[in-house]
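# Architecture and fold: a report
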Protein chains: 2
Amino acid sequence: MSTEYPSLSEAQARDAADPLRAWRDRFTLPQGVIYLDGNSLGALPKSTAVLMRDATERQWGEGLIRSWNDADWIGAPRRIGDKIAQLIRAAPGEVVVCDSVTVNLYKLMLALLASHPGQGRTILTESGNFPTDLHVAAGVARQHGLSLDAVPREQIADRIGPDTALIVLTHVHYKTGERFDMAGVQALADAHNVPLIWDLSHSVGAVPLDMGGDAARFAVGCGYKYLNGGPGAPGFVYVAGEALEFLGSPIQGWMGHAEPFAMTDGYTPAPGIERFLAGTPPMLSLLALEGGVDLMVEADDAALWHKSQVLFDFLAQLMAARCPDLAPITPPRADLRGSHASFAHPHAWPINRALIEAGVIGDFRTPDVLRLGLTPLYLGFADIWHAVDRLAAIMDDGRWQRSEYMAKTKVT
Amino acid sequence: MSTEYPSLSEAQARDAADPLRAWRDRFTLPQGVIYLDGNSLGALPKSTAVLMRDATERQWGEGLIRSWNDADWIGAPRRIGDKIAQLIRAAPGEVVVCDSVTVNLYKLMLALLASHPGQGRTILTESGNFPTDLHVAAGVARQHGLSLDAVPREQIADRIGPDTALIVLTHVHYKTGERFDMAGVQALADAHNVPLIWDLSHSVGAVPLDMGGDAARFAVGCGYKYLNGGPGAPGFVYVAGEALEFLGSPIQGWMGHAEPFAMTDGYTPAPGIERFLAGTPPMLSLLALEGGVDLMVEADDAALWHKSQVLFDFLAQLMAARCPDLAPITPPRADLRGSHASFAHPHAWPINRALIEAGVIGDFRTPDVLRLGLTPLYLGFADIWHAVDRLAAIMDDGRWQRSEYMAKTKVT
């Protein structure tokens, strides 16, 4: 292990040369804080603050019910969906914004089980997948008399077979940052004619996605992480064009009806992806999401992913030299990971508490992981340098052992 | 029919004597508009505009991920639920805010069907119920191999029997304003041991509710109508305390887990009403809802209901005298209706368009209904007087027959 590492002035020089540097000023970032948790809740775009005043005070306050038409609230789920489609290389009309990742995953799972009444009796997923994916899948399996097969990721490929009814995988792992080979796993699933749902929560806005090119047909994803859509921003549903025809949402809400305001007793699903809408969408949260999505659409995604990689390598080099007791668990190879970097330490909890106290916000994931999110739109090299510098000080002086940090207070 | 009707100065005198008059100033209402659609989307409380700036710019922008604890975002669904519980005479811990009415109805229906595996093969509801209720019920019935029995309200009581698996009723009808006798119908359902879900969307904040007193055990409701929670505000779920024990949400999301941040693979539902949470709640929309709910909790609900009644009678008197061609379809008896007044006319569509053009916002409900919402917090007698005056002018000069009003442009 090398003890040589880049200096602060090197970091500053790299920031000065960063073609994305101007983006930083388009976000509100609190004074004195280095924010490495944009993978959990993205930062507030300054434009979104303006937009939310307009949405609340003009669109709702002045426009009132008229804004469903005049401000095109009614078109927002599809309009924002079309923008997200650009980010994941899907076609217009293949993505709609609604509900939460959890509810969307549930809807899509039931839709696929109903439309693929094959012989499979097992829902396949990864053990240690994000809890909501596991919980939803377990609930759906129980309702359908199926079994849930949750296995380590290296066993997934071998498990796909005639007994598999449905596969649910998170593309980038929330804790370790490991990334599945989307095209490869999709091809395996297709070879067995098993529908596969991708959860893109830690991927969209973080790593290059090409749903069309990878032949991925079903996905859900999250708005409040790398899309900077605000706390609890609505999620999205993706269904590739040709696959939509056979799918119906199990939650037949009026907003998924072909003509919501015809107010008919009978239900006719919308011809397009809007059929996955359920109730009236939480418009203020949708409009906040649109603010974040607009920035991601405007940004050059190749430049973003390049910067994510060089930030990752910069962080890895600094951590290896200065915090050797924190063991990296995220694959160093860029094509095998997302845009966060995780480190294991038996005392990750108090270390993270002490780090937050020192003005660096990452997060802890049970039982032993310190997770640091790299968001190229608003982070720079000097941020990373200072973050590691403060972490190194905490490790060196042992202050994380203080009782105030060891206490298991509630954190998210 | 009397052609005598109250004068504008009488209306003004009643406004001056109205003990609720000061509430009007706590809402943003656009200049030159009389807003009679608060039953569809409530007006913006001025305090909510302030609150939303704080939620966006300070809680999200400055607090970032820390606000889940520091601003108690994590407690919001239950905290706001407890406030709504006060409005419907439920106990603390019996209400949680989440998702939409549609999704909540779906979750509660499935939870009840799973926990009441009786002999009934029919889901009973009212024909002409709000479409999303009918659509959700139809979907659930199909999934469970049950039949949906949608009958006119006067037949509901007779249909409850051994074949009934579940009943779903909207307490106040969205179109006609008719109100069910909650205690009476509940007693019938209880006599047959059939679970009954009430949809309180047009009731909460509009008419007196006493879930405890009426022995109602299951309900869902809407945040964006009389609660003034903002466009698409999240809905709520109510389950009476003793009934919760046997119910589990079919959508097993991480926010409904007993310990969301334990991040366990296995699912253990939260001990309380939080088990009906699914994914991460849309926090900006939740906080906007809380602003509206706080006002309703502060207001004297007996005074509100009294004023709703006198506004209704005032409107009815004016309409009978000045717009006799519009036929009242809402029961005049206060205990048989909600807080909106509907009128039938074969040309209700263009009449409503012309009325909006004249600065009075009510709404049209297919095929022939003009619906006028009475929201005692921000409406006065002079508002009603002017609204009818303008409507009378439209009827008298026949301007509603202009082609621009007859055109079926999209409206909500």
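Residues numbered from 1 in each chain as written. Chains lettered and ligands numbered in written order. Predicted model: local features only at pLDDT ≥ 70, side-chain atom pairs only at ≥ 80, totals over all residues. Heavy atoms only, no water.

## Re the overall build of chain A
Across its full length, chain A holds 14 helices and 15 strands. Taking 22 Å as the expected radius of gyration for a compact globule of 412 residues, we find that chain A reaches 22 Å, a close match to that expectation. In terms of its C-alpha atoms, chain A occupies a principal-axis envelope of roughly 70 × 55 × 40 Å. Looking at chain A as a whole, 63% of its 412 residues are labelled buried. Restricting to contacts in chain A with at least 6 residues of sequence separation, those with at least 24 account for 73%. Surface summary for chain A: the accessible area is close to 14,000 Å², and the carbon and sulfur share equals 52%. (Helix = DSSP H or I, 4+ residues; strand = E, 2+ residues; numbered from the N terminus. Rg over C-alpha atoms; globule rule 2.2 N^0.38 Å. Buried < 20%, exposed > 50% of the residue type's maximum accessible area, 1.4 Å probe, protein only. Contact = heavy atoms within 4.5 Å. Areas by Shrake-Rupley, 256 points an atom, 1.4 Å probe, with all protein chains shown as cover.)

## Details of the pattern of salt bridges
Under the definition given, this model contains 46 salt bridges over all chains. Measuring nitrogen to oxygen at the nearest pair gives 3.8 Å for the salt bridge that ties R365(B) to D363(B). In this structure D363(B) comes out as buried when scored by relative accessible area, which is 3%. Here the salt bridges share partners, and the residues they tie into one network are D72(A), R79(A), K83(A), E290(A) and D294(A). (Salt bridge = Lys/Arg side-chain N within 4 Å of Asp/Glu carboxyl O.)

## A short note on the relation of the copies chain A and chain B
Note on the identical chains: chain A maps onto chain B by a rotation of 180 degrees and an axial translation of 0.0 Å, with an RMSD of 0.0 Å. The two molecules are tied by a two-fold rotation axis, judged by turn and shift. Residues of chain A ranked by C-alpha distance from the rotation axis are headed by S285(A), positioned 2.8 Å from it. The fraction of interface residues of chain A whose copies in chain B are also interface residues reaches 100%, indicating that both copies meet through the same surface. (Least-squares fit on C-alpha atoms with pLDDT ≥ 70 in both.)

## Focus on the pairing of strand β7 (residues 164-170) of chain A
All names here are of chain A. Burial analysis of β7 places seven of its seven residues in the buried class, which makes it a mostly covered element. Note: strand β5 (residues 122-126) against β7, four bridges, orientation parallel. If you follow I123 over to β7, its bridge partner there is L166. Judged from the four bridges that link them, β7 and strand β8 (residues 196-199) form a sheet pairing that is parallel. Looking at β8, one finds that L169 is bridged to W198. Running through helix α8 (residues 182-191), the crossover from β7 to the neighbouring parallel element β8 is right-handed. (Pairing = 2+ DSSP bridges. Right-handed = clockwise from strand over helix to strand, strands pointing away.)

## What about the interface of chain A and chain B?
With 81 residues of chain A in contact, the opposing surface of chain B contributes 81 residues. Each partner contributes to the roughly 6,900 Å² buried at the junction of chain A and chain B, and carbon and sulfur atoms together form 66% of this total. Our enumeration of links across chain A and chain B arrives at two salt bridges. Counting the contacts that link chain A with chain B gives 24 residue pairs in polar contact (both at pLDDT 80 or more). Of all elements in the fold, only β3 (44-45), α2 (46-60), α3 (67-70), α5 (101-115), α6 (131-143) and α10 (283-298) of chain A reach the threshold of two or more residues within the side of chain A that touches chain B. Counting residues per element, the side of chain A that touches chain B draws most heavily on α6(A), which supplies nine residues. Here the side of chain A that touches chain B is built from residues that sort into 41 nonpolar, 29 polar and eleven charged. (Buried area = accessible area lost by both parts, 1.4 Å probe. Polar contact = N/O pair within 3.5 Å; in protein donor to acceptor, adjacent residues only side chain to side chain. Nonpolar A, V, L, I, M, F, W, Y, C, P; charged D, E, K, R; others polar.)

## Things to note about helix α10 (residues 283-298) of chain B
Here α10(B) contains 16 residues, and its C-alpha end-to-end distance of 22 Å stays within 8% of the 22 Å for a straight helix at 1.5 Å per residue. Across the 16 residues that make up α10(B), a large majority, 13, are buried. (Expected span 1.5 Å × (residues − 1).)

## Some points on the domain arrangement of chain A
All names here are of chain A. Domain boundaries assigned for chain A yield domain 1 (8-44 + 300-406) and domain 2 (72-298). Approximately 2,100 Å² of surface area, both sides summed, lies buried where domain 1 meets domain 2, with 54% of it carried by carbon and sulfur atoms. At the boundary of domain 1 with domain 2, the tally comes to two salt bridges. In this structure, D301 and R89 form a salt bridge, with 3.3 Å as the shortest nitrogen-oxygen distance. Mapped onto the side of domain 1 that touches domain 2, the elements with two or more residues apiece are α11 (301-322), β12 (340-344) and β15 (369-373). Among the elements that take part in the side of domain 1 that touches domain 2, α11 stands out by supplying three residues, more than any other. (Domains from an automatic or database assignment.)

## Considerations on the environment of I160(B)
Residues and elements named next belong to chain B. Relative to the assigned elements, I160 resides in the loop between α7 (153-159) and β7 (164-170). Judged by its relative accessible area of 5%, I160 is buried. Expressed as a C-alpha distance, the spacing of I160 and L244, which sit 84 residues apart in the sequence, is 23 Å.

## Section: the sheet that holds strand β11 (residues 327-328) of chain A
Residue and element names in this part refer to chain A. Across the sheet, four strands lie side by side as β11-β12-β15-β14; this open sheet has antiparallel pairing. Pairing within the sheet leaves two strands with one partner each, and these edge strands are β11 and β14 (363-365). Where β14 and β15 come together, three bridges link them in antiparallel fashion. Across the sheet, R365 pairs through a bridge with V369, a residue of β15. Packing against the sheet, α11 makes contact with β12 and β15, and its axis sits at approximately 20 degrees to β12. (Axes fitted to C-alpha atoms, helices over the stretch in contact; angles between N-to-C directions.)

## Examining the pairing of β5(A)
Sheet faces and side chains relate simply in a regular strand, where the side chains alternate between the two faces. All names here are of chain A. Counting buried positions over the five residues of β5 gives five, a clear majority of the element. Direction of pairing for β5 relative to strand β6 (residues 147-151): parallel, over a ladder of five bridges. Of the residues in β6, the one forming a bridge with T122 is S147. Handedness of the crossover is the feature at issue here: the chain leaves β5, passes through α6, returns alongside β6, and the resulting connection is right-handed.

## Quick look at the nonpolar core
The biggest cluster of nonpolar side chains holds 289 residues, and the ones touching the most others in it are I88(A) and I88(B). Residues contacting I88(B), with those up to four places away along its chain left out, are V95(B), L200(B), V204(B), L209(B), D210(B), M211(B), F236(B) and Y238(B). (Core = buried A, V, L, I, M, F, W, Y, C linked by side-chain atoms within 4.5 Å.)

## Focus on helix α13 (residues 381-397) of chain B
An α-helical turn contains 3.6 residues, so a residue and the one three or four places further along point in the same direction. All names here are of chain B. Compared with an ideal rise of 1.5 Å per residue, which puts 17 residues at 24 Å, α13 spans 24 Å between its outermost C-alpha atoms and is within 8% of the ideal. All buried positions along α13 are accounted for by F381, A382, D383, I384, W385, A387, V388, L391, A392, I394 and M395. Looking at the packing, one finds that the buried side of α13 touches α1 (8-16), β2 (34-35), α11 (301-322), α12 (348-357), β13 (360-361) and β15 (369-373). Directly after α13, the chain includes G398, whose backbone phi takes a positive value near 70 degrees.

## Description of unusual backbone geometry
Look at the link from T366(A) to P367(A): it is a cis peptide, with omega at 5 degrees. With respect to the helices and strands, the residue P367(A) is situated in the loop between β14 and β15. Of note, L64(B) is a non-glycine position whose phi angle comes to about 50 degrees, a positive value. Mapped onto the elements, L64(B) comes out in the loop between α2 (46-60) and α3 (67-70).

## Section: the sheet that holds β7(B)
All names here are of chain B. Overall, mixed pairing links the seven strands, which are arranged β4-β10-β9-β8-β7-β5-β6 in an open sheet. Taken across any chain shown, the strands that pair with only one partner, and hence form the sheet edges, are β4 (95-98) and β6 (147-151). Strand-to-strand twist across the sheet, computed as the mean angle between neighbouring axes with direction ignored, equals 20 degrees. Looking at chain direction, strand β8 (residues 196-199) and strand β9 (residues 218-221) are connected through three bridges and run parallel. In the sheet register, I197 faces β9, and the bridge partner there is F218. Against the sheet, helix α6 (residues 131-143) engages β5 (122-126), β6, β7 and β8, with an angle of about 150 degrees to β6.

## Some points on the packing of α11(B) against α13(B)
Residues and elements named next belong to chain B. Their axes nearest at 10 Å, the elements α11 and α13 cross at an angle of 20 degrees. With respect to α13, the axis of α11 lies roughly parallel. Taken as a pair, α11 and α13 cross one another with a handedness that is right-handed. Taken together, the residues of α13 that come into contact with α11 (itself represented by V310, L311, F314, L315, L318, M319 and R322) are F381, I384, W385, V388, D389, L391 and A392. (Parallel < 35°, antiparallel > 145°, perpendicular 65-115°, else oblique. Left-handed = near helix turned anticlockwise from the far one by under 90°.)

## What about the environment of T3(B)?
Residue and element names in this part refer to chain B. You can see T3 is positioned in the segment before α1. Note on T3: relative accessible area 62%, which makes it exposed. Residues T3 and A348, 345 residues apart in the sequence, show an inter-C-alpha distance of 23 Å.

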